[in-house]
Amino acid sequence: MFKKFDKIPDPLTSGITVYGMDYCPYSRSAVQLAKNCSKDTLFVEAKKGDKKYKEISKESQTIPVVYIDGKHIGGYTEFSKVKLSCNVLEKK
């Protein structure tokens, strides 16, 4: 589900990026929400010791860490409150 990278990539500037772990139920739920959207998606395996992950996760203390169009949304709870429809993002 989550792709492993030698170096963790930046979030997509147009689309949904979920940094998470396969073992985490909230990460898996975030992936399912993202798959229901028509936006491009990138699922990245989080590496807690990676410098880039530390930079990306500084606003979140837990996984998953979700970005939409390059903007930090939060974790699963915050992501689940965003209505995803086509290319429109609206708060519920």
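Predicted model, so just to flag it, every value in this text is computed and none were measured.

Reading the values: the criteria
- Starting afresh in each chain, residues are numbered from 1 along the sequence in its written order.
- In keeping with the model being predicted, local features are shown solely for residues with a pLDDT of at least 70 and side-chain atom pairs are shown and tallied solely at 80 or more, while totals for entire chains, interfaces and linings include all residues.
- Only hydrogens and water are set aside when side-chain values are computed; all heavy atoms of the structure are taken into account.
- Here a helix means four or more residues in a row that DSSP labels H or I, a strand means two or more in a row labelled E, and each is numbered from the N terminus.
- Each residue is placed in one exposure class: buried if its accessible area under a 1.4 Å probe, protein chains only, is under 20% of its type's maximum, exposed if it is over 50%, and partly exposed if it falls in between.
- Any two residues whose heavy atoms approach within 4.5 Å at even a single point are treated as in contact.
- Areas reported as accessible are Shrake-Rupley estimates using a 1.4 Å probe. Residue values count occlusion only from the protein chains shown.
- Only strands that DSSP links by at least two bridges are regarded as paired with each other.
- Lines are fitted to the C-alpha atoms to define the axes, a helix being fitted only along its stretch in contact, and any angle between axes, read from their N-to-C directions, falls within 0 to 180 degrees.
- In the sections that follow, a salt bridge refers to a side-chain nitrogen of Lys or Arg positioned within 4 Å of a carboxyl oxygen of Asp or Glu.
- To obtain the arc, one takes the directions from the helix axis to the C-beta atoms.
- The handedness of a crossover follows from its direction of travel: if, with the strands pointing away from the viewer, the path from the first strand over the helix to the second runs clockwise, the crossover is right-handed.

Draft legend 1. Representation of the overall build of the protein chain within the structure. Regarding its fold elements, the protein chain presents three helices and six strands. When the elements of the protein chain are put in sequence order from the N terminus, they spell out β-α-β-α-β-β-α-β-β. Residue burial in the protein chain is summarised as follows: out of 92 residues, 43% are buried. Sequence separation of 24 or more characterises 62% of the internal contacts of the protein chain that already satisfy a separation of 6 or more. If you sum the accessible surface of the protein chain, you get close to 5600 Å²; carbon and sulfur atoms cover 49% of it.

Draft legend 2. Here's a closer look at the sheet that holds strand S2 (residues 41–45). Taken together, the four strands give an open sheet; going across it, the order is S2-S1-S3-S4, and neighbouring strands pair in mixed fashion. One side of each edge strand has no neighbouring strand; the edge strands of this open sheet are S2 and strand S4 (71–74). Strand-to-strand, the axes of this sheet are offset by a mean angle of 25°, without reference to chain direction. Pairing between strand S1 (residues 16–20) and strand S3 (residues 65–68): four bridges, direction antiparallel. Within S3, the residue paired with Val18 across the bridge is Val66.

Draft legend 3. Just the pattern of salt bridges, in detail. Taken as a whole and judged by the stated rule, the model has one salt bridge. When the shortest N-O distance is used, the salt bridge between Lys39 and Asp69 registers 3.1 Å. Residue Lys39 is located in the loop between helix H1 (25–35) and S2, and its partner Asp69 is located in the loop between S3 and S4; the two are separated by 30 residues in the primary sequence. Residue class for Lys39 comes out buried when judged on its relative accessible area of 11%. The exposure class assigned to Asp69 is partly exposed, which follows from its relative accessible area of 32%.

Draft legend 4. How the structure looks around H1. Along H1, the positions that sit buried rather than exposed are Ser27, Ala30, Val31 and Ala34. Down the axis of H1, the smallest arc covering the buried residues is 105°, so these residues share one side. Elements that come into contact with the buried residues of H1 comprise S1, S2, S3 and helix H3 (76–80).

Draft legend 5. Structural detail: the pairing of S2. A large share of S2 lies buried, amounting to four of its five residues. Where S1 lies against S2, five bridges are found, and the strand directions are parallel. Directly across from Gly20, in S2, lies its bridge partner Glu45. In this fold, the crossover linking S1 to S2 by way of H1 has right-handed handedness.

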